[in-house]
2 protein chains.
Amino acid sequence: MNTPSFTIAAVERDTGLSKDVLRMWERRYGFPVPERDAHGERVYPAAQVERLRVIKRLMDQGHRPGKLIATPVEELSLLAPRRSRPTLAEGHAVDSAGQDELLTLIRQHDANGFVHALQQRLARQGLQRFVQDIVAPLTQQVGDAWEDGRFEVFEEHLFTELTKRVLRQAIAALPQGSGSPRVLLTSVPDEQHMLGLLMVEALLALEGAECIPLGTQMPLLEISRAATAHRADIVALSFSVAFPSRQLPKLLEQLRDALSANTELWVGGSGVSRLVPPAGVRRFSSLEQGVEALAAWRSAHAGQPMGRSTST
Amino acid sequence: MNTPSFTIAAVERDTGLSKDVLRMWERRYGFPVPERDAHGERVYPAAQVERLRVIKRLMDQGHRPGKLIATPVEELSLLAPRRSRPTLAEGHAVDSAGQDELLTLIRQHDANGFVHALQQRLARQGLQRFVQDIVAPLTQQVGDAWEDGRFEVFEEHLFTELTKRVLRQAIAALPQGSGSPRVLLTSVPDEQHMLGLLMVEALLALEGAECIPLGTQMPLLEISRAATAHRADIVALSFSVAFPSRQLPKLLEQLRDALSANTELWVGGSGVSRLVPPAGVRRFSSLEQGVEALAAWRSAHAGQPMGRSTST
DNA sequence: AATTCGTGTTTGTCCAGGACAAACAAGCAG
DNA sequence: CTGCTTGTTTGTCCTGGACAAACACGAATT
């Protein structure tokens, strides 16, 4: 039970702050100030790594590093509530009581109880309502709780893993899609959040779309290749808040360019809420919109059953 | 359908080669030689990114970059067969015919057919044989095929995603564990491969162990915290070939230090095959060993049903 | 009073080139 | 053929400089 110390590479892995940023903060703000080993290389004590993680968490909420680093310790609890981030499904008047029960089970680390409670709700409400009224707000709440420090990282991981299982199970139980449209579901490298994709898949599969789940972290060129190989009508990507928003517009333009023109590109998730989508990219700010867009696609392509028009 | 160009950050994301390495190769070997934009920043054409991915793939097989970069194009197919990597379950005289059928389904991008075929085998053979004789060698083969370039990245992703679903489904169908030992299953940051963890979970859950699946990519300090919170008897980590083996020994020592002394630390996966495990860390080179070790743990802890001895 | 438009500050990322240790290969001695 | 020493390869770390995009603030305008 010792407190280990970290190389700069380990800190980058564990906090998600790049080496460049770590060195720059040290230069500019005087924090973190790691010790040095015999070779002059940085060695970060565990306490500083912890603090860096707190700072990163608050930054994802919209706070700025300069002020965070200046604040001594009261930041930990005082700055916790996030400021001005009207994310999707907020103020949705959700069934908080039922949600709280689920959150409590996670907080008690009762994995079996949580899964059981989820499955019960799924059976009672049906998949669509389950996704929209239970899983989506729950994910939001867990994200908030994690950002506020009310949830440990591993509690969030446990929640995610168990919820994924229930969702996948539900999806597997659905009948096969109608073959149209063919929707390719994935995320780009550096974006590892799967839950959003699963929620979308559940809703689309429920409507009879043919979903091709490729997991997360597909290189751009591979996405375009996969779209061709699977003759996808739609490529759907998910982005979480943690995704570096700087790279987003350029990334989407590149992918749009790499895709065949008659393949639609849909993006969603909390990571795109502040984005102005480039031409040819459709942004979704709620799950409902996805279902509507699917219906719209269907009616727009009603006349042409299968064949692909000549591309390139 | 254009061919986009990439910033150095995008190349790092897509290839897994760090910015430092990319600049160093340019300096030393003269490849890649990106163009420069108006501001003097590197701009990599798609062709070079492709080649970098091929090189990275061959490096993971044990080839060395200096020679790879010198080789013009015949490397692509000629160097493909890997050299001297006796990974686990090799020469296992496996049911190749049945495997090939599954691989063919993936290659045809027949997701539904593949899932169906998997489930059929699962039902026929039972979970234990299914994991050991089907999933494990299949994963190995897909990895090889991917490294040889016979599989596209997205085909490997599709395989992984679908197999994960079948495995999770099977695990969900098992009765709850006996409560002992409590095994925490996860991986460290930068290690995102889930399949190995799921295979282990399936086998351990089958033996009645209480598995706590935390997904992948847990920061070190969080693993130790989670182990305490869940009163885990064993922490099991999985490492794939892609994991940077340089950091491994130090990482494991740190984690070992951070864990309570009466928590065992088990590691497995193809990423640890060349590792000499530090003190207090147990290395597994096959799935069978895990099952055996579980039995051994059980008999060693037979007398003391639940209570934890005083730690610190 | 609210909104638009500069303008200054904050902040992340990029660049270059130097240094070094760990991993590896090759040659030599037993 | 095996074990050791020596030279080469290779990744990572370091410093310090530069700049543009994002942001916050205040002034001018509707």
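Residues numbered from 1 in each chain as written. Chains lettered and ligands numbered in written order. Predicted model: local features only at pLDDT ≥ 70, side-chain atom pairs only at ≥ 80, totals over all residues.

On to helix 9 (residues 153–172) of chain B. Between its first and last C-alpha, helix 9 of chain B extends 28 Å over 20 residues, near the 28 Å set by a 1.5 Å rise per residue. Within helix 9 of chain B, 16 of the 20 residues are buried, which leaves it mostly tucked inside the rest of the structure. (Helix = DSSP H or I, 4+ residues; strand = E, 2+ residues; numbered from the N terminus. Expected span 1.5 Å × (residues − 1). Buried ≥ 20, exposed ≤ 12 C-beta atoms within 10 Å, placed from the backbone.)

With that settled, the discussion passes to the environment of Thr-160 of chain B. Tracing the backbone shows Thr-160 of chain B in helix 9. Judged by the 17 C-beta atoms lying within 10 Å of it, Thr-160 of chain B is partly exposed. Residues Thr-160 of chain B and Thr-139 of chain B, 21 residues apart in the sequence, show an inter-C-alpha distance of 8.1 Å. Ignoring anything within four residues of it in the chain, the contact list for Thr-160 of chain B reads Gly-215 of chain A together with Leu-195 of chain B. (Contact = placed C-beta atoms within 7 Å.)

A few words now on the protein's contact with DNA strand D. In the vicinity of DNA strand D lie 20 residues, with Ala-9, Glu-41 and Arg-42 of chain A together with Arg-64 and Gly-66 of chain B positioned nearest. By residue number, the principal contributor to the surface near DNA strand D is helix 2 (residues 19–29) of chain B, which donates three residues. When the residues that make up the surface near DNA strand D are grouped by side-chain class, the tally is six nonpolar, five polar and nine charged. (Near = placed C-beta within 6 Å. Nonpolar A, V, L, I, M, F, W, Y, C, P; charged D, E, K, R; others polar.)

The subject of this paragraph is the sheet that holds strand 1 (residues 5–6) of chain A. Hydrogen bonds between backbone atoms are what pair the strands of a sheet, whose relative direction is either parallel or antiparallel. Residue and element names in this part refer to chain A. Taken in spatial order, the three strands make up an open sheet running 1-3-2, and their pairing is antiparallel. The sheet terminates laterally at strand 1 and strand 2 (35–36), the two strands that pair on one side only. Relative to strand 3 (residues 42–45), strand 1 is paired through two bridges, and the arrangement is antiparallel. Paired with Phe-6 across the strands is Tyr-44, a residue of strand 3. Along the sheet, helix 3 (residues 46–60) makes contact with strand 1 and strand 3, crossing strand 3 at roughly 75°. (Pairing = 2+ DSSP bridges. Axes fitted to C-alpha atoms, helices over the stretch in contact; angles between N-to-C directions.)

Residues and elements named next belong to chain A. Domain boundaries in chain A define domain 1 (5–78), domain 2 (96–172) and domain 3 (182–300). Inter-centroid distance (C-alpha atoms) of domain 2 to domain 3 is 24 Å. The interface of domain 2 with domain 3 comprises 14 residues on the first partner and ten residues on the second. Residue composition of the side of domain 2 that touches domain 3, by class: seven nonpolar, five polar and two charged. (Domains from an automatic or database assignment.)

Turning to the packing of helix 8 (residues 127–148) of chain A against helix 10 (residues 195–206) of chain A, a few remarks are in order. Residue and element names in this part refer to chain A. At a closest axis distance of 10 Å, the pairing of helix 8 and helix 10 adopts a crossing angle of 165°. Relative to helix 10, the element helix 8 is oriented roughly antiparallel. Our pair here, helix 8 against helix 10, has a crossing hand that is left-handed. Contacts from Leu-127, Gln-128, Val-131, Val-135, Ala-136 and Thr-139 of helix 8 reach helix 10 at Leu-195, Met-199, Ala-202, Leu-203 and Leu-206. Within the contact of helix 8 with helix 10, the residues separate by chemical class into nine nonpolar, two polar and no charged. (Parallel < 35°, antiparallel > 145°, perpendicular 65-115°, else oblique. Left-handed = near helix turned anticlockwise from the far one by under 90°.)

Turning our eyes to something else, we now look at the relation of the copies chain A and chain B. Both copies of the chain are related by one operation, a rotation about an axis with a shift along it. The two copies are related by a screw motion: chain A maps onto chain B through a turn of 180° and a shift of 0.0 Å along the axis, at an RMSD of 0.0 Å. Seen this way, the second copy is the image of the first under a two-fold rotation axis. Distance from the rotation axis, computed per C-alpha, reaches its smallest value in chain A at Gln-169 of chain A: 3.0 Å. (Least-squares fit on C-alpha atoms with pLDDT ≥ 70 in both.)

What follows deals with the pairing of strand 7 (residues 264–268) of chain B. All names here are of chain B. Burial runs high along strand 7: four of the five residues are buried. As paired strands, strand 6 (residues 234–238) and strand 7 are joined by five bridges and run parallel to one another. Paired with Ala-236 across the bridge in strand 7 is Trp-266. Traced from strand 6 through helix 12 (residues 248–258) to strand 7, the parallel crossover comes out right-handed. The pairing of strand 7 with strand 8 (residues 281–284) spans four bridges and is classified as parallel. Each residue of the ladder has a partner; that of Leu-265, found in strand 8, is Val-281. (Right-handed = clockwise from strand over helix to strand, strands pointing away.)

What follows deals with unusual backbone geometry. The amide bond that connects Phe-31 of chain A to the next residue, Pro-32 of chain A, takes the cis arrangement and shows omega of -5°. Among the structural elements, Pro-32 of chain A can be located in the loop between helix 2 (19–29) and strand 2. Positive phi is not limited to glycine here, since Gln-217 of chain A has a value of about 65°. Its location among the elements puts Gln-217 of chain A in the loop between strand 5 (210–213) and helix 11 (220–229). Phi is positive for Arg-231 of chain B, close to 50°, though the residue is something other than glycine.

Attention now moves to the interface of chain A and chain B. Quoted interface sizes are often the accessible area lost when the parts come together. Counting residues at the interface gives 48 residues for chain A and 45 residues for chain B. For the side of chain A that touches chain B, the elements supplying multiple residues, two or more each, are helix 1 (8–15), helix 3, helix 7 (111–125), helix 9 (153–172), strand 5, helix 11 and helix 12 (248–258) of chain A. When residues of the side of chain A that touches chain B are assigned to their parent elements, the largest contribution, ten residues, is made by helix 9 of chain A.

Moving on: helix 11 (residues 220–229) of chain B. Of all ten residues in helix 11 of chain B, seven are buried, a share of seventy percent or more. All of the buried residues along helix 11 of chain B are Leu-220, Leu-221, Glu-222, Ile-223, Ser-224, Ala-226 and Ala-227 of chain B. Contacts made by the buried residues of helix 11 of chain B are with helix 1, helix 3 and helix 9 of chain A together with strand 4 (182–186), strand 6 and helix 12 of chain B. Phi turns positive one or two residues past the end of helix 11 of chain B, at Arg-231 of chain B, with a value near 50°.

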